[in-house]
Amino acid sequence: MSLAPDNTERLARARADLRMGVPVVVAGAGVMLAAETLDAARLNALRDLGAAVALTDWRAKTLKVAAYDGDVARIALPSDTSVAWVRALADPSDDLRHPMKGPLRGLREGSPLLARVAVALCKSARLLPAAVIAPLDDATGFAQVHGLTVVDADAALTTAEAALRSITSARLPISVSEAGRLHVFRPDDGAEEHYAVEIGNPDRNAPVLARLHSACFTGDLLDSLKCDCGPQLRAALAQMGAEGAGVLLYLNQEGRGIGLANKMRAYALQDQGFDTVEANHRLGFHDDERDFRIGAAILKQMGFGAVRLLTNNPAKIARMEDSGVRVAERVALKVGENAHNHAYLATKAAKSGHLL
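Residues numbered from 1 in each chain as written. Predicted model: local features only at pLDDT ≥ 70, side-chain atom pairs only at ≥ 80, totals over all residues. Heavy atoms only, no water.

Draft legend 1. Inspection of the packing of aromatic side chains at higher detail. By the definition in use, this model includes zero aromatic pairs. For Arg108, the ring lying beneath its charged end belongs to Tyr68, and the centroid distance is 3.9 Å. Here the basic side chain of Lys226 rests over the ring of Tyr267, its NZ or CZ set 4.7 Å away from the ring centre. (Phe/Tyr/Trp six-rings, centres within 6.5 Å; stacked < 30°, edge-to-face > 60°. Lys NZ or Arg CZ within 6 Å of the ring centre and 35° of its normal.)

Draft legend 2. Spotlight on helix H14 (residues 314-322). All of the buried residues along H14 are Lys316, Ile317 and Met320. On an axial view of H14, the arc spanned by its buried residues comes to 100 degrees, and they lie on one face. Where H14 is buried, its residues contact strand E10 (208-214), helix H13 (293-301), strand E12 (306-310) and strand E13 (326-331). Its side-chain oxygen at 3.0 Å from the backbone nitrogen of Ala315, Asn313 defines the N-terminal cap of H14. (Buried < 20%, exposed > 50% of the residue type's maximum accessible area, 1.4 Å probe, protein only. Helix = DSSP H or I, 4+ residues; strand = E, 2+ residues; numbered from the N terminus. Arc of directions from axis to C-beta. Contact = heavy atoms within 4.5 Å. Polar contact = N/O pair within 3.5 Å; in protein donor to acceptor, adjacent residues only side chain to side chain.)

Draft legend 3. Local environment of the packing of helix H11 (residues 260-271) against helix H12 (residues 276-283). Remark: H11 packs on H12, axes separated minimally by 9 Å, with the N-to-C direction vectors making an angle of 120 degrees. Classified by the interaxial angle, the pair formed by H11 and H12 is oblique. For the pair H11 and H12, the sense of crossing is right-handed. Residues Asn262, Arg265, Ala266, Leu269 and Gln270 of H11 lie in contact with H12, whose contacting residues are Thr276, Ala279, Asn280, Arg282 and Leu283. Grouping the constituent residues of the contact of H11 with H12 by class yields four nonpolar, four polar and two charged. (Axes fitted to C-alpha atoms, helices over the stretch in contact; angles between N-to-C directions. Parallel < 35°, antiparallel > 145°, perpendicular 65-115°, else oblique. Left-handed = near helix turned anticlockwise from the far one by under 90°. Nonpolar A, V, L, I, M, F, W, Y, C, P; charged D, E, K, R; others polar.)

Draft legend 4. Focus on the pairing of strand E2 (residues 30-34). When you tally the buried positions in E2, you get five out of five residues, the bulk of the element. Across three bridges, strand E1 (residues 24-26) lies against E2 in antiparallel orientation. The residue bridging Val26 from the neighbouring strand is Gly30, located in E2. Joining the antiparallel neighbours E1 and E2 is a turn of three residues, in which Gly28 adopts a positive phi near 75 degrees. Pairing of E2 with strand E5 (residues 130-135), which is carried by five bridges, proceeds in the antiparallel orientation. The residue bridging Gly30 from the neighbouring strand is Pro135, located in E5. (Pairing = 2+ DSSP bridges.)

Draft legend 5. A look at unusual backbone geometry. Residues other than glycine seldom take positive phi values, yet Asp223 does so here, at roughly 60 degrees. Counting through the fold element by element, Asp223 comes out in the loop between helix H8 (217-221) and helix H9 (229-243). The phi dihedral of Arg256 falls on the positive side, at around 55 degrees, and the residue is not glycine. Considering the arrangement of structural elements, one finds Arg256 in helix H10 (residues 254-257).

Draft legend 6. View of the sheet that holds strand E3 (residues 52-56). Here we have six strands laid out as an open sheet, ordered E4-E3-E5-E2-E1-E6, and mixed in their pairing. The open sheet has two edge strands with one neighbour each: strand E4 (72-76) and strand E6 (149-151). Strand-to-strand twist across the sheet, computed as the mean angle between neighbouring axes with direction ignored, equals 35 degrees. Two elements, E1 and E6, share three bridges in a ladder whose sense is parallel. Paired with Val25 across the strands is Val150, a residue of E6. On the sheet, helix H2 (residues 40-47) packs against E2 and E5 and is oriented at approximately 150 degrees with respect to E2. Where helix H6 (residues 139-146) meets the sheet, its contacts fall on E1, E2 and E6, and the angle it forms with E1 comes to roughly 160 degrees.

As structure tokens, then:
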């Protein structure tokens with residue numbers, strides 16, 4: 001048996017490297033650095049290799065530069081490029097104060113593979129989806145010389161769900177029910193753990209009252225008025241406690257899957273007048289980057305094949321059904337509207353199809 005890391009383990013290592021500002025090599029393609037964590041010395045080293053900046057099509061649209069590769073754009077790196085210039089392309093926080101970033105020249109020659117992998121890796125590392133990339137003729141040899149992690153392009157771009165393992169569970173009396181139990185699940189790809197709060201002893205042969213709740217530090221813990229997450233969490237648990245049975249899945253997918261730092265960046269853009277969807281797009285993300293298959297996998301591991309789903313989001317229903325969990329009933333969860341989040345909820349209904 002080889003002791004060498006497999007593709008999944010190399011990707012986990014690559015995410016950690018990128019968050020620390022260490023370059024990552026894509027086999028057969030080239031080398032990349034996350035725009036958010038790069039420094040001047042490494043930027044200069046990559047510029048000497050003929051580097052470019054890789055962005056998503058959403059961010060390219062904001063910058064008014066052509067995304068010739070469709071889902072990503074490659075922008076030529078000027079000879080006098082600074083770290084500040086690259087970060088200004090990646091981070092929209094100063095777009096309104098300094099709208100002129102150019103002239104920017106989109107690249108269309110060569111393969112976009114390295115750009116696609118770089119953006120995907122930055123997203124999975126919960127960084128801004130932008131990178132400095134440089135094609136290499138001998139990428140693996142370059143990695144060996146510099147001691148860099150090498151990842152497989154296909155593995156980095158795959159959308160297959162990570163395997164989940166049940167780690168432990170224990171009785172946990174909570175205010176809504178003394179018959180509570182907390183289950184911990186760990187994905188094999190090195191990402192964050194996810195939790196299931198089981199209330200009572202739900203019948204595995206009947207649809208269980210369930211909620212897929214994405215972690216919201218600001219709403220769940222700080223009782224933020226900018227969203228309805230905290231009230232939804234507490235109302236769902238209260239209903240499960242009142243009925244004597246249920247499962248609340250607490251999925252660590254903060255900010256619709258973009259991470260807390262990027263969520264705060266989106267909040268700052270909302271303060272500039274953009275709605276929640278527009279803010280995500282300006283950052284370079286899709287409307288919603290979450291993977292609801294995780295919730296379905298946990299439910300199936302716990303022995304549930306059907307649910308009464310506490311949700312206002314039709315996408316959750318569709319994903320449950322697609323993943324083999326039958327949604328016998330949608331149970332509405334309309335709570336928590338206030339003067340601070342009225343526009344946010346209206347945007348969810350108008351642009352994300354939420355049933356509010």
